[in-house]
Amino acid sequence: MTENVIDIQNLSRRFGKKQALSNVSLSVPEGCVFGLVGENGAGKTTLLKHVLGFLKPQLGRVRVFGTDPVLDPPGVLGRIGHLSENRDLPTWMSIGELFEFTRAFYPKWDPVYAEELRIMFELTLNQKVTTLSRGQLARAGLLLALAHRPPLLVLDEPSSGLDPVVRKDILDAIIRTVVDEGRTVIFSSHLLDEVQRVSDRIAILDQGRILLSSPLDEVLVSHYQLTVRFQEPQPFFPQLTGALLWSGSGREWKIVCNGQKQELEEELKNKGGEILEQNAPTLEEIFVARMKSVERPSTNV
């Protein structure tokens, strides 16, 4: 049986009047790439800080490798590679000095692997951190996260603000480390196409709550996009079972739906509508539909 590297149960966290996390439960199996998606302020970074032990749960519990990361920081952090969104590396060091500094904290640091990554990421040892571009900082941060071969990677917006070439380098490195060595990855991102490309499982966060948490394949299969036409022009789209989001006007509309296809088809027929085309929506289209449906409490989801 596959073990859960991360197990979070009923986690809640408040900062003043803001409810950052509300009754969040999720598990990350070993060898899985788990993508966290949500709008800014949804709670993604706060959740990752609990995984790292940087924040103590106010309610609920967090276990990483079966251990409370707050009670045993060395035992947990020593097995995690972390890349923060801020890329907060010491600016007075060179890349070479940064290697030696970081290596001292990790007995399992692999200098051969670190050099391989340095070459792949096109970094030079005498470069000062203060001179690095945003893309170079991201590469350097990911190198430090990977070089001690941790069983768990925790990445907060690893591709944020980067050009497509750098994003591809980072995604390729993440995929390689999982495929080659069976590591586990949990990462947050607002780039839904990248989440869809690399993730095995996803969770959608909204205002600190989990809207959806499932294997990615199940999410994609359970949603569908229809183009429908009505016999008569519609002033607004009629409420249909499973319809999350709709666009269009008059007789022809497009809808993103979740399950319950038979019921939807029957209701559509009763309202004088027919299905012209069915497509598979992308994760981004599903995410937008889910977020829009939250704004309409009366919608069937």
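Our subject is the structure that appears above.
These notes cover the structure that comes with them. Everything quoted here is computed from the prediction, not taken from an experiment. (Residues numbered from 1 in each chain as written. Predicted model: local features only at pLDDT ≥ 70, side-chain atom pairs only at ≥ 80, totals over all residues. Heavy atoms only, no water.)

**What to know about the sheet that holds strand 11 (residues 243-258)**
Spatial ordering of the open sheet is given by 11-10-12, a layout of three strands whose pairing is antiparallel. Strands at the two margins of the open sheet, each flanked by one partner only, are strand 11 and strand 12 (273-279). If you compare each strand with its neighbour and ignore which way they point, the axes differ by 30 degrees on average. Across eight bridges, strand 10 (residues 223-234) lies against strand 11 in antiparallel orientation. Within the sheet, the bridge partner assigned to Q225 lies in strand 11 and is V256. Running at roughly 95 degrees to strand 11, helix 10 (residues 283-294) makes contact with strand 10 and strand 11 of the sheet. (Pairing = 2+ DSSP bridges. Helix = DSSP H or I, 4+ residues; strand = E, 2+ residues; numbered from the N terminus. Axes fitted to C-alpha atoms, helices over the stretch in contact; angles between N-to-C directions. Contact = heavy atoms within 4.5 Å.)

**Details of the packing of aromatic side chains**
The final tally for this structure, using the stated rule, is five aromatic pairs. Taken together, a centroid distance of 6.1 Å and an interplanar angle of 75 degrees make the contact between F230 and F237 edge-to-face. Here F230 matches F237 in class, with each residue buried. One residue, R79, lies across the ring of F65, its end atom 3.8 Å from the ring centre. Between the NZ or CZ atom of R149 and the centre of the ring of Y113, over which it lies, the distance is 3.9 Å. (Phe/Tyr/Trp six-rings, centres within 6.5 Å; stacked < 30°, edge-to-face > 60°. Buried < 20%, exposed > 50% of the residue type's maximum accessible area, 1.4 Å probe, protein only. Lys NZ or Arg CZ within 6 Å of the ring centre and 35° of its normal.)

**Points about unusual backbone geometry**
Here N10, not a glycine, exhibits a phi torsion of approximately 50 degrees, which is positive. Secondary-structure assignment places N10 in strand 1 (residues 4-15). Look at N10 and you get partly exposed, because its relative accessible area is 39%. In this structure, E157 takes a positive phi of about 50 degrees despite not being glycine. Residue position: E157 is located in the loop between strand 6 (152-156) and helix 6 (164-181). Owing to a relative accessible area of 5%, E157 belongs among the buried residues under this scheme.

**A few points about the pattern of salt bridges**
Within the structure shown, the criterion is met by eight salt bridges. A salt bridge links D110 to R149; its shortest N-O distance comes to 2.9 Å. Of the two residues, D110 sits in the loop between helix 3 (95-103) and helix 4 (111-120) while R149 sits in the loop between helix 5 (134-146) and strand 6, which places them 39 residues apart along the sequence. Residue class for R149 comes out partly exposed when judged on its relative accessible area of 32%. Notably, a salt bridge pairs R229 with E252, separated by 3.3 Å at the nearest N-O pair. Remark: E252 occurs in strand 11 and R229 occurs in strand 10; sequence separation between them is 23 residues. A relative accessible area of 31% means that R229 is categorised as partly exposed. (Salt bridge = Lys/Arg side-chain N within 4 Å of Asp/Glu carboxyl O.)

**Here's the deal with the sheet that holds strand 7 (residues 184-188)**
Strand order in the open sheet made by the six strands is 5-6-7-3-8-9, with mixed pairing throughout. Each having just a single partner strand, strand 5 (80-83) and strand 9 (209-215) make up the two edges of the open sheet. This sheet shows a mean twist of 10 degrees between the axes of neighbouring strands, independent of strand direction. Pairing analysis gives six bridges linking strand 8 (residues 201-206) to strand 9, with the strands arranged antiparallel.

**Here we look at helix 1 (residues 44-51)**
The element helix 1 is extensively covered by neighbouring structure, given that six of its eight residues are classed as buried. Burial in helix 1 covers these residues: K44, T46, L47, L48, H50 and V51. Looking one or two residues past helix 1, G53 carries a phi angle of roughly 80 degrees, positive in sign.

**Examining the nonpolar core**
Among the nonpolar cores identified, the biggest contains 48 residues, and L142, L143, L155, V185 and I202 are the most heavily contacted of them. The element best represented in this core is helix 5, accounting for eight residues. Excluding residues that lie within four positions of it along the chain, V185 makes contacts with C32, V33, F34, L153, L155, I174 and V178. I8, F34, L36 and V64 belong to the second largest nonpolar core, which has 25 residues in total. (Core = buried A, V, L, I, M, F, W, Y, C linked by side-chain atoms within 4.5 Å.)

**Examining the layout of surface pockets**
Its volume calculated, the largest pocket comes out at about 470 Å³. Forming the boundary of the largest pocket are 20 residues, of which H82, L89, T102, Y106 and L144 lie nearest the centre. Elements supplying a minimum of two residues to the lining of the largest pocket: strand 5, helix 3 and helix 5. With four residues, the single largest contributor to the lining of the largest pocket is strand 5. Tallied by class, the residues present in the lining of the largest pocket amount to twelve nonpolar, six polar and two charged. (1 Å grid on protein atoms, 1.4 Å probe; cavity = no way out; pocket = protein on both sides within 12 Å on 5 of 7 lines; lining within 4 Å. Points joined across faces, edges and corners; volume = space filled by probe spheres on them. Nonpolar A, V, L, I, M, F, W, Y, C, P; charged D, E, K, R; others polar.)

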